[in-house]
Structure formats: C-alpha cells, structure tokens
Amino acid sequence: MIKDIKLSTIQIILILVLIVVLTPVNGFCKDKCVVLVGGVLNRRSSDSVKSILEDKVGDCNVYTLDYIKELPTADLNSVKFMYFPGGNYFDIKPPAKAAENIRKAVAAGMGYFGTCGGSLIAVESTPASSERNQLALFPGHQVFGVERGMRKYNFNVKHPVVANSSVAGSITPDFEIHYNGGGSDMQPSVSGLVNWVVANDEIRGTPALTTTMYGKGRVFLSVAHPERSWIPATHPVVILAAEWCLGRSEPSGNKPPTVMADMPSRGILNKLLTFSAVRSDDPEGYPIGFIWDFGDGSAPGYRPLERHKYTNNGVYTVTLTVTDGKNEVVSTKEVKIAANEQATP
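Residues numbered from 1 in each chain as written. Predicted model: local features only at pLDDT ≥ 70, side-chain atom pairs only at ≥ 80, totals over all residues. Heavy atoms only, no water.

### Section: the sheet that holds strand E13 (residues 266-268)
Consideration 1: What the four strands build is an open sheet, ordered E13-E18-E17-E15; its pairing is mixed. Both outer strands of the open sheet, E13 and strand E15 (289-293), are each paired with one neighbouring strand and no more. Here the strands of the sheet are splayed against their neighbours by 30 degrees on average, with no regard to which way each runs.
Consideration 2: In this structure, strand E17 (residues 314-323) lies alongside strand E18 (residues 328-338), joined through 10 bridges in antiparallel fashion. (Pairing = 2+ DSSP bridges. Helix = DSSP H or I, 4+ residues; strand = E, 2+ residues; numbered from the N terminus. Axes fitted to C-alpha atoms, helices over the stretch in contact; angles between N-to-C directions.)

Structure (structure tokens):
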C-alpha cells in the first residue's frame, strides 16, 4: 500500500512538471500584439518592431496581419497593441472596414503605434488628403517634411511616457532618429489636448512625436523611423511607445484625471450645442482621452470639445468619461431639448 501511494505521488509530480514544460506560453499573462503587413507597407519596419516587441519589450504574443486582406474581418477585441508601419503614404489605402475596425478597437482601449506613413494616416488630414483621413485618431493636421537621413528631435525627457519607461536613461534631450521625408509638424484642430508633445523636430521646432488618446486607447505617433533594424540605438523609442500603449510604464499610484466639464442644461431641437472638457488635465502629466455619450443613441464623440444636435424633443443624460488609459472619471448632466426658444433659460 505504501509503495502504491509513493508511486501515485511521483506520477502526480511528473504530470505537473509536464504541464509546466509543455503548456505554451500563449495566453499566460502575455499581451496580444499585432504588427501590420501587406501592400506597400514597409516589411522591414514590421519585422523590426516584431523583433523588438518579442525580445526587448517581452511578455507579448506578436502576430502579423495583412491590413488589406485580413484586417477588415479580424477580431481585435483581445488585441492590446497595434503597429502600423510606414510606406508610400499616397498608396496606403486600408479598406473602409479595416479602418473602422482599427478605430473601434482603439476607442475600446487598444494601443496604436504609427511611424512615418503609419502616423500620417492616423491624423485627420494631410496636404495630400482631399477628405478626412480614414483613421483620424489624432484630432488635427500633419504636413509633409523634406530631406532624409539622421535628424535631431528635442525630447521632453520629463514627459511621463518617457520618464517612467524602462529606457528613460537611453533618451536624451537631443536624440537622433532616422527620417525619410514623411510627415512633420503635428497641428491640433481642437483646443484641449494636453501633454501630447513628446518631441519636437529640431529644424522646424514643431511637434514630431506625440502621445494622445482616442477614447480609451493610447496613440503614439512618430514622423521618424525609430524602428530601423540597422540603427538599434533608436529602438528605445519603440520600447517606450509600446510600454505606454500597453499600460506598463505608469506608476502604481497613478492618479485619475481632473475633469472640468461645461455642458448645457437646455437646447433647441436641431440646433448645435457645445460640450466642452477643454480645461481637464492629468496631475501626472499624461495625455487624457474623452468619451462623450449624448444619451440619444448617436455615435460617441472623442474630442475634448464636441458639438451635437438632438433631433427629438426630450430630456437626455449626457455622460462624459475622461481617462488617462488607466483611471476613469465620469461626469453626467441632463439636457432638456425643446422645439422652440422656451428650451433656453
């Protein structure tokens, strides 16, 4: 009997050891990350970022996804981070369903990192876009730059996305990154963006690397190419971008944003109303995101300042959520809509 008990114990131990050894790491505390490929996208950039995520960032299950063939129908619900590489911007044309898929995933909390063409397509407009860009994750405009080669960028090393990263010591105020004549000069089209400039182009003196939020998702855009495989000295920028997008670099005692909301209590049917949270900020200096639910079943708004009109009389509850990607603060207010001037005080 004693021999049988010992044998059973050994068998149990062996089974447990086999489970630990043979169980794939996929799904065990690892973030699902997607690197886009296909079409005119720069495959060397995609491969480099995939390698950096796997070898330097760590705890990532990294998958490639063809942005033309696979992205339109891909399930992004469990994806925590997406990289959109550069390429010929004029030929980067994701299908409408692919763009919609990205926007929805970012609004729900997926991080987005775009370099060069991947940053250009993420802003609302560029000199080459005759209409609103498909992604429109950054509320503003980006102009084209000139020249190619190594270029200095003036980093705000005290910015929390930089200072709290694992590679903070590798980033200097005058940091050189390879530039390939893509975009430059980010220009917001709305007031209320805070803490969004990480680095300025030294030559132009304009924002070139930015951190913003689209809904609950973190968006890091770089006009330059820190992912170049043959320039490992610039890879820390990729690492800090990924760490922030994945929510790994903020301090454990991170405080919630401070919300300052201005919302009307009354309005006239079919007349635009202004809803503002432009005075909101974050105590640690992180970028913040905005989600406006107007209470009438319409699509949410993601800007600090939104204008909305109601097409039916009634009383609606407007809900504003302000987030730094980790903490959320919610503010609500009722607005009464009527068809005539009696709706106004």
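### Remarks on the nonpolar core
Consideration 1: Counting 70 residues, the largest nonpolar core has Leu36, Phe84, Tyr112, Tyr153, Phe155, Leu209 and Phe220 as its most contacted members.
Consideration 2: By residue number, the principal contributor to this core is helix H6 (residues 235-245), which donates eight residues.
Consideration 3: Formed by 16 residues, the second largest nonpolar core is a distinct cluster that contains Val194, Ile288, Tyr310 and Val322. (Core = buried A, V, L, I, M, F, W, Y, C linked by side-chain atoms within 4.5 Å. Buried < 20%, exposed > 50% of the residue type's maximum accessible area, 1.4 Å probe, protein only.)

### Structural notes on the sheet that holds strand E10 (residues 197-201)
Consideration 1: One open sheet accounts for nine strands, arranged E2-E1-E3-E4-E12-E11-E10-E7-E8; its pairing is mixed. Of all strands in the sheet, those bounded by a partner on one side alone are strand E2 (60-66) and strand E8 (174-180). Put simply, the sheet's adjacent strands are angled 25 degrees from each other on average, direction ignored.
Consideration 2: Summarising the sheet, strand E11 (residues 207-214) and strand E12 (residues 217-222) pair through six bridges and their orientation is antiparallel. Across the sheet, Met213 pairs through a bridge with Arg218, a residue of E12.

### Description of the environment of Pro236
Consideration 1: For Pro236, the location among the structural elements is in helix H6.
Consideration 2: On the basis of relative accessibility, which here comes to 11%, the residue Pro236 falls in the buried class.
Consideration 3: Sequence-wise, Pro236 and Ile52 are 184 residues apart; in three dimensions their C-alpha atoms are separated by 9.3 Å.

### Quick word on the packing of aromatic side chains
Consideration 1: Across all of its chains, the model carries 13 aromatic pairs by this definition.
Consideration 2: Taken together, a centroid distance of 5.7 Å and an interplanar angle of 50 degrees make the contact between Phe138 and Trp196 tilted. Pair noted here: Phe138 is in strand E6 (residues 138-144) and Trp196 is in the loop between strand E9 (183-188) and E10, with a separation of 58 residues, a long-range link.
Consideration 3: What links up through ring pairs into an aromatic cluster is the set Phe81, Tyr83, Phe113 and Phe220.
Consideration 4: The cationic tip of Lys32 hangs over the ring face of Tyr63; the distance from NZ or CZ to the ring centre is 5.3 Å.
Consideration 5: Here the basic side chain of Arg151 rests over the ring of Tyr179, its NZ or CZ set 4.4 Å away from the ring centre. (Phe/Tyr/Trp six-rings, centres within 6.5 Å; stacked < 30°, edge-to-face > 60°. Lys NZ or Arg CZ within 6 Å of the ring centre and 35° of its normal.)

### A word on the confidence of the model for the protein
Consideration 1: Residues at a pLDDT of 70 or more form 88% of the protein, whose mean pLDDT is 89.
Consideration 2: Counted against residues more than four places away or in other chains, residues 19-28, with its pLDDT under 50, gives seven contacts. (pLDDT = per-residue confidence, 0-100. Contact = heavy atoms within 4.5 Å.)

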